[in-house]
Amino acid sequence: MTASTPPAVAAELRRLLANSHAPYSGVHVSAAVECEDGAVHYGVNVENAAYPQGVCAEASAISGAITSGRKGIRRVWVASSLPGFIWPCGGCRQKIWEFAEPGCEVVSVPETGEAQSHTIEALLPLGFRLDR
Ligand code: THU
């Protein structure tokens, strides 16, 4: 589904790609999460020479949101240095699911053109959570 992205969020996602630490894959990713109170937290991917220790942009953004005391996520935006659309990996879908409000939208923001979105329920059918 096509989705609109506030211009300020799109601009910040693009700007933050320069802060991504991705010397191994060369893929720079930024993410933003909009919380239950409207606050937006950003993150970038942070890779590591010990490859599995790398952290995805979505995980960085979620950590910031939770650290600030937010409890719920109603929207996630993702952008990258790749042409076209990028969607969260399986592990990040589960991380989003943990805090997602019902119907939480995941929006992929390409460098040019319209963004696309899917709900987290569509991206992670039957995700594991103990409280639902
Ligand atoms: N990556 C993210 O940060 N988010 C995604 O949604 C997909 C992939 C990162 C992980 C790794 O640092 C790089 O992109 C290439 O896989």
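Predicted, not measured: the structure shown is a model, and the values here were computed from it.

(A) Region of interest: the site of the ligand. In the vicinity of the ligand, the contacting residues are Ser25, Val27, Val29, Asn45, Glu47, Cys56, Ala57, Glu58, Ile86, Trp87, Pro88 and Cys89. Interatomic distance of 2.5 Å between a side-chain N/O atom of Glu47 and an oxygen atom of the ligand. In this structure, an oxygen atom belonging to the ligand sits 2.9 Å away from a main-chain N or O atom of Ala57. Relative to its unbound accessible surface of 370 Å², the ligand loses 76% to contact with the protein. Here the residues of the shell around the ligand sort into 8 nonpolar, 2 polar and 2 charged.

(B) Summary view of the pattern of salt bridges. Counted by the stated rule, this structure contains 5 salt bridges. Arg75 is the salt-bridge partner of Glu34, the closest N and O atoms lying 2.7 Å from each other. Placement of the pair is Glu34 in strand E2 (residues 29-35) and Arg75 in strand E4 (residues 73-80), with a sequence separation of 41 residues. The exposure class assigned to Arg75 is partly exposed, which follows from its relative accessible area of 24%.

(C) Broad picture of the packing of helix H2 (residues 57-67) against helix H3 (residues 90-99). The interhelical angle for the contact between H2 and H3, taken along N-to-C directions, is 20 degrees, at an axis separation of 10 Å. In terms of orientation, H2 and H3 fall into the roughly parallel class. By crossing handedness, the relation of H2 to H3 is classed as left-handed. Between H2, through Glu58, Ala59, Ile62 and Ile66, and H3, the contact on the second element is made entirely by Cys92, Lys95, Ile96 and Phe99. Grouping the constituent residues of the contact of H2 with H3 by class yields 6 nonpolar, no polar and 2 charged.

Rules used in this analysis
- Residues numbered from 1 in each chain as written.
- Predicted model: local features only at pLDDT ≥ 70, side-chain atom pairs only at ≥ 80, totals over all residues.
- Heavy atoms only, no water.
- Near = heavy atom within 4 Å.
- Polar contact = N/O pair within 3.5 Å; in protein donor to acceptor, adjacent residues only side chain to side chain.
- Areas by Shrake-Rupley, 256 points an atom, 1.4 Å probe, with all protein chains shown as cover.
- Nonpolar A, V, L, I, M, F, W, Y, C, P; charged D, E, K, R; others polar.
- Salt bridge = Lys/Arg side-chain N within 4 Å of Asp/Glu carboxyl O.
- Helix = DSSP H or I, 4+ residues; strand = E, 2+ residues; numbered from the N terminus.
- Buried < 20%, exposed > 50% of the residue type's maximum accessible area, 1.4 Å probe, protein only.
- Axes fitted to C-alpha atoms, helices over the stretch in contact; angles between N-to-C directions.
- Parallel < 35°, antiparallel > 145°, perpendicular 65-115°, else oblique.
- Left-handed = near helix turned anticlockwise from the far one by under 90°.
- Contact = heavy atoms within 4.5 Å.

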